[in-house]
Amino acid sequence: MIVLGGSEGAHIGFELSKYLRARYYDIEVKEFPDGELYVRIPVDVGGLDVVYVNSLAKRPNDLLVETVLSLETIADLGARTIYSVLTYIPYARQDSRFNPGEAVSALVIAKLLKSLRVDRIYTFDLHLHRFRDPRQVFGDNFVNLTAVRDLVKYISTYHKLDDCVIVGPDEESEQWAKIASEELGGVPYTVMEKKRISASEVVVEPRNPDIVRGRAAIVVDDIISTGGTIVETVRVLRNLGVREVYVAVTHAILAGRAYNRLVQLELQDLVASDTVLSPISRVRTAPILARSISTSASS
Ligand code: R5P
């Protein structure tokens, strides 16, 4: 087995290769003067089991093309098995035609990834709203892992959490709120009602305000993009009288000035996984991936 890292995959790919006792190589990626990409697989993959690792955040369009070129080339060159680890899959939030004529991007991208000659696709906490089981759109070879257990484990290891409550900022975050609550031995959880006003602004309203008052709130979500959701959720929680606030998210995209907005909140802690590399990525996903890939490889 070997591990190949795409241009945003080296930080996880290298660590993963240690767990899998495999060699790690960076895929060669360059940009031509006209903006097209050049991709070269630097090693003979014929007959090998190949783990491809990339994170398709920040420059989603280039990274999608890079991924398609890389995976198809790995297949062309005769790899025996291809495990594709895409720690963050973009476009998942546009999962419906909200206005006439819009592309349902989530379905188009799922169709594209499903068409590639790979044996398994792994990701983390895919944004799922209208499709609760991603295998409905990505097929049976899709593995949706979660970083939420490790995120709340991290918070409970480094902080003394007396009388806490898990808070999801919107309806779809209930799946992660439940996991976090389980991980902390069944502490209560609640979710907010969220309405999006613009790309960076939302309003949230609590479903059951009494449950948070006086408690330490751990807000869990899949993505921080502009930070609008977290900023508004923290504001509402503080108005409701929470004692302290921790935030844990899987994918810290931190678009534009999101990080500055979040720092100003003076949270007790703000932590993300490394599915997207950021200043708050303190929880590593390589061990979770290694367990899952080893299980598939030995079955
Ligand atoms: C949306 O429903 C997601 O779960 C996140 O809450 C959202 O993507 C966060 O985006 P932002 O940080 O821009 O509010």
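Residues numbered from 1 in each chain as written. Predicted model: local features only at pLDDT ≥ 70, side-chain atom pairs only at ≥ 80, totals over all residues. Heavy atoms only, no water.

## Some words on the sheet that holds strand E13 (residues 244-252)
Thought 1: Strand order across the open sheet formed by seven strands is E11-E10-E9-E12-E13-E14-E15, with mixed pairing between neighbours. Since the sheet does not close on itself, it has two edges, and those belong to strand E11 (201-206) and strand E15 (281-283), each with one partner. Pairwise comparison of adjacent strand axes, ignoring direction, gives a mean angle of 35 degrees for this sheet.
Thought 2: Of the strands in this sheet, strand E9 (164-168), strand E10 (189-198), E11, strand E12 (216-224) and E13 touch helix H7 (residues 228-239), which is tilted by about 35 degrees from E11. (Pairing = 2+ DSSP bridges. Helix = DSSP H or I, 4+ residues; strand = E, 2+ residues; numbered from the N terminus. Axes fitted to C-alpha atoms, helices over the stretch in contact; angles between N-to-C directions. Contact = heavy atoms within 4.5 Å.)

## Digging into the nonpolar core
Thought 1: Leu16, Val51, Ile218 and Val220 are the most contacted members of the largest nonpolar core, which has 40 residues in total.
Thought 2: Taken domain by domain, this core gets at least three of its residues from each of domain 1 (2-146 + 284-298) and domain 2 (148-274).
Thought 3: Setting aside residues up to four positions removed in sequence, Val51 forms contacts with Met1, Ile2, Val3, Leu4, Leu16, Leu20, Tyr83, Val85 and Ile293.
Thought 4: If you look at the next biggest cluster of nonpolar residues, it comprises 30 residues, including Ile2, Val45, Ala92 and Leu126. (Core = buried A, V, L, I, M, F, W, Y, C linked by side-chain atoms within 4.5 Å. Buried < 20%, exposed > 50% of the residue type's maximum accessible area, 1.4 Å probe, protein only. Domains from an automatic or database assignment.)

## Focus on the sheet that holds strand E1 (residues 2-5)
Pairing between the strands of a sheet comes from backbone hydrogen bonds, and it takes one of two forms, parallel or antiparallel.
Thought 1: Taken together, the six strands give an open sheet; going across it, the order is E2-E1-E5-E6-E7-E8, and neighbouring strands pair in parallel fashion. Only two strands of the sheet have a single partner each, and these edge strands are strand E2 (23-26) and strand E8 (142-145). The mean inter-strand angle of the sheet, taken between neighbouring strand axes irrespective of direction, is 20 degrees.
Thought 2: Its contacts with the sheet place helix H9 (residues 286-298) against strand E5 (49-54), strand E6 (81-86), strand E7 (120-124) and E8, and it is angled at close to 160 degrees to E7.

## Brief notes about the site of the ligand
Thought 1: The environment of the ligand is made up of 16 residues, and the closest members are Arg93, Asp221, Asp222, Thr226 and Thr229.
Thought 2: A distance of 2.6 Å separates an oxygen atom of the ligand from a polar side-chain atom of Asp222.
Thought 3: For the ligand, the protein covers 96% of the area, taking 370 Å² as the surface of the free molecule.
Thought 4: Counting only elements with at least two residues in the shell around the ligand, the list comes to E10, E12 and H7.
Thought 5: Of all the elements, E12 adds the most residues to the shell around the ligand, at four residues.
Thought 6: Of the residues in the shell around the ligand, the class split is three nonpolar, six polar and seven charged. (Near = heavy atom within 4 Å. Polar contact = N/O pair within 3.5 Å; in protein donor to acceptor, adjacent residues only side chain to side chain. Areas by Shrake-Rupley, 256 points an atom, 1.4 Å probe, with all protein chains shown as cover. Nonpolar A, V, L, I, M, F, W, Y, C, P; charged D, E, K, R; others polar.)

## Side note on the pairing of E11
Moving residue by residue along a regular strand, the side chains alternate between the two faces of the sheet.
Thought 1: Note: E10 against E11, six bridges, orientation antiparallel. Residue pairing for E11: Arg196 is matched across the bridge by Val202.
Thought 2: Between E10 and E11, which pair antiparallel and follow one another directly, the connecting turn spans two residues.

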